[in-house]
Amino acid sequence: MKAIRRFTVRTVLPPQLAGLDTLARNLRWCWHEPTRKFFESLDPQAWERSGGDPVAVLGEITPARFEQLAADATVVLEAARLVEELNQYMTEPKWFQSIFSNTDKPASIAYFSAEFGITAVMPQYSGGLGILAGDHLKSASDLGVPITGVGLLYGAGYFRQSLSRDGWQRETYPLIDPNNMPLTLLREQDGMPARISLPLPDGRTLAAQIWVAQVGRVPLLLMDSDIPDNDDISRSVTDRLYGGSAEHRLEQELLLGVGGVKALRVYSRLMGTPAPEVFHCNEGHAGFLAVERIRELMESDSSVDFGAAIEAVRSGTLFTTHTPVPAGIDRFDKSIVRHYLSAMPLPGVNVDEVLSLGNESYQGGNPHVFNMAVLGLRMARMANGVAQLHGKVSRGMFAALWPGFDVPEVPITSITNGVHGPTWRNPGFQSMALEYMAETDDADGTGWLKSEEEGGVPDVVLWEKRRSLRAALVEVARARTRASWLERGASPAELGWTESILDPDVLTIGFARRVPTYKRLTLMLSDPERLTRLLTDPERPIQLVIAGKSHPDDEQGVGLIQKLVQFADNAEVRDRIIFLPNYDMALAEVLMPGCDVWLNNPLRPLEASGTSGMKCALNGALNLSILDGWWDEMYDGNNGWAIPTADGVEDPGRRDHIEAAALYDLIENTVAPRFYDRDERGVPRRWMEMMRHTLATLGPKVQATRMVRDYVERLYTPIAAASRVIDAAPYEKAKELAAWKHKVRSAWPGVRVDFVEAEVPDVAELGDEVSISAGVSLAGLEPTDVHVQLVSGRVGADDRLEDFDISNLNPAGEKHGHQVFTGTEKLSASGSVGYAVRVVPFNPLMAGDTELGLAANAEPSAVTAHTHTSFGD
Ligand SMILES: *Cc1c(COP(=O)(O)O)cnc(C)c1O
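Conventions and cut-offs
- Residues numbered from 1 in each chain as written.
- Predicted model: local features only at pLDDT ≥ 70, side-chain atom pairs only at ≥ 80, totals over all residues.
- Heavy atoms only, no water.
- Buried < 20%, exposed > 50% of the residue type's maximum accessible area, 1.4 Å probe, protein only.
- Helix = DSSP H or I, 4+ residues; strand = E, 2+ residues; numbered from the N terminus.
- Pairing = 2+ DSSP bridges.
- Right-handed = clockwise from strand over helix to strand, strands pointing away.
- UniProt positions renumbered as here; feature names shortened; annotations may be inferred.
- Contact = heavy atoms within 4.5 Å.
- Patch = residues over 30% accessible without salt bridge, like charges linked within 9 Å, V, L, I, M, F, W, Y side chains within 5 Å.
- Areas by Shrake-Rupley, 256 points an atom, 1.4 Å probe, with all protein chains shown as cover.
- Salt bridge = Lys/Arg side-chain N within 4 Å of Asp/Glu carboxyl O.
- Lys, Arg positive; Asp, Glu negative; His and termini not counted.
- Charge placed at Lys NZ, Arg CZ, Asp CG, Glu CD.
- Domains from an automatic or database assignment.
- Buried area = accessible area lost by both parts, 1.4 Å probe.
- Polar contact = N/O pair within 3.5 Å; in protein donor to acceptor, adjacent residues only side chain to side chain.

Chemist: Explain the pairing of strand β18 (residues 597–600) here, please?
Modeler: Remark: a regular strand shows side chains that alternate across the two faces of the sheet. Where burial is concerned, the two faces of β18 agree: the one with Val 597 and Leu 599 and the one with Trp 598 and Asn 600 are both buried. As defined by bridge partners, strand β15 (residues 507–512) adjoins β18 across two bridges and the pair is classed as parallel. The residue of β18 that forms the bridge with Gly 510 is Trp 598. As paired elements, β18 and strand β19 (residues 622–626) share four bridges and run parallel to each other. Bridged to Val 597 within β19 is Leu 622. The handedness of the β18 to β19 crossover, carried by helix α23 (residues 612–617), is right-handed.

Structure representation (structure tokens):
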């Protein structure tokens, strides 16, 4: 019989154990091993069944068993100790409390993301973007940074992956029950669920309730539209991650951006927390947050017009781009966006003006498209990519938004991703590290990696630990392979072979990630015979453990998985190459520590950062990767291997072939020999040196705490400072900046450099001074509205300035109708050097001189006098 209504009955905890509810509901347990161990000990079966979910464990314990537990002094004491420890974690001063003066720091930061990977029991992520967001919040919590996360609660999260008999990906969408998860419904003072709502076209509304996930010190607000107030379409807005039609996606993104701002306001009102000064838009999905903030401001203060509101909102916004793959950028048909935005008009603003914020109104753009990354970039004071190389690629990709400047000056910086150490370092590995740590070593540090003589971890101990991690992976892989084959329709009697697949002493190479084409899941299959020989080598075999989900609509990706599965199904290799279905955080936690080598072979430079290799590095696995993403900047020659790339080879098939051959060569000639080169104790000496070097040098750099500190110092703090000036009632500065930008934009076509005079000594030497004088026309602008800049440095083959310095010339009055600017410059580079002179708009309220994308460059014909030999050649 089917129930007509379902509801949840909460367990009533005995008073001695009342603190367990807080302990279970604060997701700090995800990365606090003693708390996990404690919940596991209460009911090991329930722990196992729930995949390690304390809320589920408490839900399964019977009142009789609770009475027993409450009578057990050790349990009560341990519970009290853990609750006390959590209280301390929640309140004690952390890094953020110890830096700068109180007045300089952002009071609060809102972090918007379409997905959050916090724990496997909350499947609210599809891959790296979500895990990164989760790691960002966890590390912010550990550092005491006042962040609030904002996202959606998807009823079915991302899909569960299984395989058909012939290796085709199957997707199922198990529904989650938020009442039985570590989530708390946000309620009004009267106990009713707090609600936000937004108007949709055709008189519809989209309402949502707000679940709060407490991630250590950081609240994460998750909006859920599955409530009776909504019509069926609105109810299904938060049904699943990245599914459905364009309208559905757009409704999700409106809820995330517009609804997210409303949810933040409700949360602040109910909890008395400060309003965010920084809005961090993690990828384009949440871009509409800017539109909602503009609406709030214009409705609250009618003297603020659209332009001033843009300046105010922009001053407090950060945009992070996460993909250099054009297909990965979120774009909508403009007519759909117009339809939706017309339903939530801004006072006195034509919807076309709002749409223009996401216009691709630049060369190569599509006039019919609304681009969420463009919206994000236009509405952000600062922007960043997620690794140095990705920053560079992003500057090239979005350069059209700053047409006056060369690519290196495009104002998109980078902060390299990191991973949350306490989540991603295996707990057994961590306790081994702690055992060899001296009192004086810093807890995140690398003191345990000192030599054996100095009290560090001995090679044999470290190697034995690595073997045990490999053995644990082998065990999990066997069980999962068997389970997968049962789902694929095999009978238990046929599956004896799964009990002996993989070998805990064989060189284990891992590969797991989403399966978009550029990540090249099947590169390793380029030469199947050669791969088979590597797998079955009698002396130095390798084994491969592979996992990954493909987006269901990506037929090509699903096809790649099938190709791989079909290869791995061959009896000849099936005990050495395994595809494990349903890649998720739970699998990642076993897979990454269990591998000796982590393989990554994306098509350079399409991997923005990648983080899985970082998780491996924290556990002593070595990276074998194309120099892309984070690895491009962190590979140092001794911490793993770089697979040579065939950059510039146009034919993709040939490029794959060349890179695959290089990969096989590396494995066969370098990686495997080193792994199997053992000393009398059975330890691979050279390998251990690389492992220790990796742990000691990459260990600290790949941590998300390093990343979050970088965000706080380099982006959040200056943005908060700007927003305090510009986004502050009565918005004089915002109005002033908007009016000034309007004036500059109108005048700009008439701004030019008329002449440049340079005094250069006959034979210039390093350190000589050069005098420059430039006459410019400012088309009615004041000399204080601009910087006239001397840009000087080395020139490349095509006369382009490469490594250049910029210095501002000083206004020196008017001469014959020109504004004159002068200065001297010390020659600081030898060889072929050159200079350029340009006018750029200047206003101290802007983030920098590039903000408007406008520059008027001197033509070579403007140079009128005294250019001698070495300078300017
Ligand atoms: C870390 C992680 C990812 C991200 O992997 P990339 O290296 O960025 O491709 C994806 N999925 C899961 C489950 C992860 O743990």
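Chemist: Honestly, the UniProt feature "modified residue: N6-(pyridoxal phosphate)lysine" (unreviewed entry) in the protein chain in this entry has me stumped. Any pointers?
Modeler: Mapped onto this structure's residue numbering, the UniProt feature "modified residue: N6-(pyridoxal phosphate)lysine" (unreviewed entry) falls at Lys 615. On the basis of relative accessibility, which here comes to 4%, the residue Lys 615 falls in the buried class. Residues contacting Lys 615, with those up to four places away along its chain left out, are Ile 131, Val 419, Trp 424 and Met 592.

Chemist: Just checking my understanding: could you explain a negative patch on the surface for this structure?
Modeler: A surface patch of negative charge is lined by Asp 798, Asp 799, Glu 802, Asp 803 and Asp 805. In this fold, Glu 802 is placed in strand β24 (residues 801–808).

Chemist: What am I meant to see in the environment of Thr 498 here?
Modeler: Following the sequence through the fold, Thr 498 ends up in the loop between α19 (459–487) and β15. Measuring from C-alpha to C-alpha, the distance between Thr 498 and Arg 574 comes to 8.9 Å, with 76 residues separating the pair along the chain.

Chemist: Would you take a moment to explain the pattern of salt bridges for this structure?
Modeler: When their charged atoms lie close together, side chains carrying opposite charge are able to pair. Taken as a whole, this structure holds 52 salt bridges when the rule is applied. A salt bridge links Arg 36 to Glu 33, with the shortest nitrogen-to-oxygen separation between them at 3.7 Å. Highlighted residues: Arg 36 and Glu 33, both in helix α2 (residues 33–42), separated by three residues, approximately one helical turn. Exposure remark for Arg 36: the relative accessible area of 19% places this residue in the buried category. By relative accessible area, which is 27% here, Glu 33 ends up partly exposed. Connected via shared salt-bridge partners are Arg 520, Arg 604, Asp 632, Asp 647, Arg 655, Asp 656 and Glu 659.

Chemist: What am I meant to see in the domain arrangement of the protein chain here?
Modeler: You'll often see interface size given as the accessible area lost when the parts meet. As assigned here, the protein chain comprises domain 1 (15–91), domain 2 (106–417 + 711–726), domain 3 (425–702) and domain 4 (746–866). When each unit is reduced to the centre of its C-alpha atoms, the spacing between domain 1 and domain 2 is 34 Å. Residue-level contacts link 16 residues of domain 1 with 18 residues of domain 2. Here domain 1 meets domain 2 over a buried area of about 1,300 Å², counting both sides, of which 60% is carbon and sulfur. It is Arg 25, Leu 27 and Trp 31 in domain 1 that bury the most area against domain 2; as a group they hold 44% of the surface buried on that side. Our count for the contact surface shared by domain 1 and domain 2 stands at zero salt bridges. At the surface where domain 1 touches domain 2, the tally comes to eight residue pairs in polar contact (both at pLDDT 80 or more).

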